There are 4 protein chains.
Amino acid sequence: MEYSLNSKKVAAAARKMLADRGIKVEQIAELTHFLQSKYYPGLTMEQCIESVESVLVKREVQNAVLTGIQLDILAEKGLLEPALQEMVANDEGLYGVDEIIALGIVNVYGSIGLTNYGYIDKMKPGILEHLNDKSTGEIHTFLDDIVGAIAAAASSRIAHRKQAEVEEKEGK
Amino acid sequence: MEYSLNSKKVAAAARKMLADRGIKVEQIAELTHFLQSKYYPGLTMEQCIESVESVLVKREVQNAVLTGIQLDILAEKGLLEPALQEMVANDEGLYGVDEIIALGIVNVYGSIGLTNYGYIDKMKPGILEHLNDKSTGEIHTFLDDIVGAIAAAASSRIAHRKQAEVEEKEGK
Amino acid sequence: MEYSLNSKKVAAAARKMLADRGIKVEQIAELTHFLQSKYYPGLTMEQCIESVESVLVKREVQNAVLTGIQLDILAEKGLLEPALQEMVANDEGLYGVDEIIALGIVNVYGSIGLTNYGYIDKMKPGILEHLNDKSTGEIHTFLDDIVGAIAAAASSRIAHRKQAEVEEKEGK
Amino acid sequence: MEYSLNSKKVAAAARKMLADRGIKVEQIAELTHFLQSKYYPGLTMEQCIESVESVLVKREVQNAVLTGIQLDILAEKGLLEPALQEMVANDEGLYGVDEIIALGIVNVYGSIGLTNYGYIDKMKPGILEHLNDKSTGEIHTFLDDIVGAIAAAASSRIAHRKQAEVEEKEGK
């Protein structure tokens, strides 16, 4: 049978992989709220959820989610090449492919998201703290960066939207 | 006279521009120390200074320094095209060219520096707080990102070096 | 008067700057057609123009256009710091800030545009050949990369759209 | 046993993976020669080989090599999640994680390598043509981008070196 890309299948697979790894859209939205509520005091969780959903619709994001989580899962099963296995299993600080893949997600709403991604990745609020708990035996070397990057991209989207609202009000 | 690149001239110009804008190598090194001292308790300011100096030797970094600070200076003089002038003069949050140029600096020592750059850019310790003080009348829209990115790249370099030291000791 | 971003003003300024530097949307669309017609034989110039227009609506692209062309103009006027002036005026091969800014444009439609940008920048078809003609006295160190990056981003957009069309037909 | 990174092991594993997938340093060096010989007429294969070797010493490059080839191998074995499996196995044009990982390699010697990477990826000279031959049954979705990116980074390194030689001669 000839290959032909099925976008709906890719989208569903990315959603399923996130869910199977214990990530809820609400938890990513909480990170976005953490990042943006100081700039937009009236920001609701509904708006953050809507923004995360919009990020998850992007093909670039789905590809990153599928690839990164796949590598986490293979590391949990011990199926990677030994040198790579060790680095991914131990979230090696000098291994930066997880950051590179996260960058692809952040860029979807422009470079303004870069600092939010870095900030949240260090602060590890909410679900990110759990993902970085090494005592669970789970491996989330890629997933924590992916979740942080999605939250950062959703924050950028909110910033663009809020500006559009202001300009509409001002009749610009 | 035919053009021919003069690397020493470029290096000197970048150093001078940083100095003219009030930035000392020590102040960038303090940011690096802030970022890395928790991971390497014995880390000295001398090591941080040496690392910042090594980052400043890189042509990619010098080009970013010259270009970014030039745009800050032109904005202070009011010489940019009106729409660009407004965005740079007001450090517009939806203007991300400063982050893009900073990314070029961070990448010099690999993607592991991305999160340090984002973190420090949000926390604004040390000299970054001063650079973000809008009451001075000075414009540092690019400079604060550049300084943070140099500190992050210097941090990555330290991480690589410390690993090499450990492996040498272990006789690997 | 308090600052407040005016998106329409920024968009108009970016369009005007491109026009003032002699660039027509049609010329960028021709580059997109050059890149994509072998994959989509029925691709029309109208579709390419529509895609370029969509790229130009993006704030990230407008910011890159304004900043890059501004630097070209200042170099033509001899207003840059001497070391930077020399590099920009001579399109120095070891100066890579133009590529970094172009990358910000390409990323707007995902990383799949990277190779198209690199390819067209080397091949220099259509308007890119003129922009690289050093005998004119004009300086387009940033503009040629910007134009190539817009064409590459528009190509990525077409690739995504064509896939959507196929899937719709197949009833996926 | 406590984890501790072993850089020599990582370096050796990356070299072995390239060799096991049929890639010789000389073949990457030929790509670098293809890219740079028009600018430096006296450029020898020995210089290109030395430059490729220097690129392969970089940890960022080794990490990208290990991760990318690992994904190719898993796709050959059919071990990836179905949606990801299909995209990697078919070198799906709308899947851009291979380009993102390649970008991490190119950046090691600065953004000037971006266009060389894109150009060679489209032209597919030398070994790249073989890697893109879909009739072999082998999967090189990541490897072809990785090889092109290493050749592009080695080209950037040569450009920097040649400049240093010129300046030394001129007594700058």
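Residues numbered from 1 in each chain as written. Chains lettered and ligands numbered in written order. Predicted model: local features only at pLDDT ≥ 70, side-chain atom pairs only at ≥ 80, totals over all residues. Heavy atoms only, no water.

Trainee: When you look at the pattern of salt bridges in this model, what are you seeing that I'm missing?
Mentor: A side chain with one charge may pair with a side chain of the opposite charge, provided their charged atoms come close. Residue and element names in this part refer to chain A. Evaluated as defined, the whole model comprises 25 salt bridges over all chains. For Arg-157, the salt bridge goes to Glu-50, with nearest N and O atoms at 3.4 Å. Of this pair, Arg-157 sits in helix H9 (residues 143-169) while Glu-50 sits in helix H3 (residues 45-56), and the two are 107 residues apart along the sequence. The class for Arg-157 is buried, based on a relative accessible area of 6%. Using a relative accessible area of 43% as the deciding quantity, one classes Glu-50 as partly exposed. (Salt bridge = Lys/Arg side-chain N within 4 Å of Asp/Glu carboxyl O. Helix = DSSP H or I, 4+ residues; strand = E, 2+ residues; numbered from the N terminus. Buried < 20%, exposed > 50% of the residue type's maximum accessible area, 1.4 Å probe, protein only.)

Trainee: When you look at the relation of the copies chain A and chain D in this model, what are you seeing that I'm missing?
Mentor: Each of the two copies of the chain can be brought onto the other by a rotation about an axis and a shift along it. For these two chains of identical sequence, chain A goes onto chain D by a turn of 180° and a shift of 0.0 Å along the axis, with RMSD 0.0 Å. The symmetry that links the two subunits is that of a two-fold axis. Take the interface residues of chain A: 100% of them recur as interface residues in chain D, which is what a same-surface contact looks like. (Least-squares fit on C-alpha atoms with pLDDT ≥ 70 in both. Contact = heavy atoms within 4.5 Å.)

Trainee: Sorry if this is basic, but what is going on with the relation of the copies chain C and chain A here?
Mentor: Superposition record for chain C on chain A: RMSD 0.0 Å, screw rotation 180°, translation along axis 0.0 Å. With an isologous cut-off of 70% or more, the 100% of interface residues of chain C that recur at the interface of chain A puts this contact in the isologous class.

Trainee: It is not clear to me how the interface of chain A and chain D should be interpreted in this structure. Could you clarify?
Mentor: Bring the parts together and some accessible area is lost; that lost area is often taken as the interface size. Facing the 31 residues of chain A at the interface are 31 residues of chain D. Counting the surface lost from both chain A and chain D, the interface buries some 2,900 Å², and carbon and sulfur atoms represent 69% of this. Along the contact surface separating chain A from chain D lie two salt bridges. Inspection of the region where chain A meets chain D yields eight residue pairs in polar contact (both at pLDDT 80 or more). Taken together, the residues of the side of chain A that touches chain D sort by class into 19 nonpolar, six polar and six charged. (Buried area = accessible area lost by both parts, 1.4 Å probe. Polar contact = N/O pair within 3.5 Å; in protein donor to acceptor, adjacent residues only side chain to side chain. Nonpolar A, V, L, I, M, F, W, Y, C, P; charged D, E, K, R; others polar.)

Trainee: Explain the interface of chain C and chain A here, please?
Mentor: Contact with chain C, which involves 15 residues of that partner, is made by 15 residues of chain A. Carbon and sulfur atoms supply 32% of the area buried between chain C and chain A, which totals about 1,400 Å² over both sides. By the criterion of area lost to chain A, the three top residues of chain C are Arg59(C), Glu60(C) and Lys172(C), representing 32% of everything that side buries. Connecting chain C to chain A are zero salt bridges. Taken together, chain C and chain A are joined by nine residue pairs in polar contact (both at pLDDT 80 or more). Top element by residues in the side of chain C that touches chain A is helix H9 (residues 143-169) of chain C. It accounts for three residues. Of the residues that constitute the side of chain C that touches chain A, the class distribution is one nonpolar, eight polar and six charged.

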